[in-house]
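What follows is each chain in one-letter form.
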Amino acid sequence: MNTDDLAAAARAAAEGSYSPYSGFRVGAVVVGDRGEVFIGANVENAAYPASSCAEATAINTAVSHGVRKIDTVAVACIDAHDVEGAYPCGRCRQIMSEFDVSTVIIAGGPGSEIREHTLDELLPHRFRL
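As the structure is a prediction and not an experimental result, all values here were calculated from the model.

**Describing the environment of Asp4**
At step 1: Relative to the helices and strands, Asp4 resides in helix α1 (residues 3-14).
At step 2: The exposure class assigned to Asp4 is exposed, which follows from its relative accessible area of 52%.
At step 3: A C-alpha to C-alpha distance of 9.4 Å links Asp4 and Ala107, two positions 103 residues apart in sequence.

Structure follows, in structure tokens:
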């Protein structure tokens, strides 16, 4: 899948979001190092710490299927006015670091700009063992 396809798939995944509190629907697509594809959406909870970001949901699904190296994570917030409002939070960036993500694709709602970054650009000097 190319960048545009991954951004479109992340936007489609956002449609499955459960976000009654923020109204901020986010979807993510994870591509494992062998080409496996997994999707996730954010799932909110009234007890906010129990919520799960789309990126974490997709990564956890990939890992539960045996993936240990992730090539690409595409994330899209279909309610963001532009791509600036769609970037992963710090927790999700560190989760990506755990599985050595190479490329992160970020998109806002339909028609917004799509950006591609390395994880080192998004999380410089990241914690690693």
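From this point, the narrative continues.
**Some thoughts on the pattern of salt bridges**
At step 1: With the rule as written, the count across this model stands at eight salt bridges.
At step 2: Across the salt bridge formed by Asp79 and Arg25, the nearest N and O atoms sit 2.8 Å from each other. On the criterion of sequence distance, the pair formed by Asp79 in the loop between β3 (70-77) and α3 (90-98) and Arg25 in the loop between α1 and β1 (26-32) is long-range, its members being 54 residues apart.
At step 3: Owing to a relative accessible area of 26%, Asp79 belongs among the partly exposed residues under this scheme.
At step 4: The class for Arg25 is partly exposed, based on a relative accessible area of 29%.
At step 5: Residue Arg115 is joined to Glu113 by a salt bridge in which the shortest nitrogen-to-oxygen separation is 3.2 Å.
At step 6: Of the residues examined, Arg115 reaches a relative accessible area of 21% and is grouped as partly exposed.
At step 7: Salt bridges linked by common partners bring Asp100, Asp120, Arg126 and Arg128 together as one network.

**Some details on the side chain of Arg126**
At step 1: For Arg126, the location among the structural elements is in the segment after α4 (119-122).
At step 2: The exposure class of Arg126 is buried, given its relative accessible area of 12%.
At step 3: In contact with Arg126, other than residues within four places in its own chain, are Ser97, Asp100, Leu119 and Asp120.

**Quick notes on a nonpolar patch on the surface**
At step 1: The grouping of Tyr18, Tyr21, Val43 and Tyr48 at the surface amounts to a nonpolar patch, some 460 Å² of accessible area in total.
At step 2: Tracing the sequence through the fold places Val43 in the loop between β2 (37-41) and α2 (54-64).
At step 3: For Val43, a relative accessible area of 41% translates into the label partly exposed.

Definitions and cut-offs
Residues numbered from 1 in each chain as written. Predicted model: local features only at pLDDT ≥ 70, side-chain atom pairs only at ≥ 80, totals over all residues. Heavy atoms only, no water. Helix = DSSP H or I, 4+ residues; strand = E, 2+ residues; numbered from the N terminus. Buried < 20%, exposed > 50% of the residue type's maximum accessible area, 1.4 Å probe, protein only. Salt bridge = Lys/Arg side-chain N within 4 Å of Asp/Glu carboxyl O. Contact = heavy atoms within 4.5 Å. Patch = residues over 30% accessible without salt bridge, like charges linked within 9 Å, V, L, I, M, F, W, Y side chains within 5 Å. Areas by Shrake-Rupley, 256 points an atom, 1.4 Å probe, with all protein chains shown as cover.

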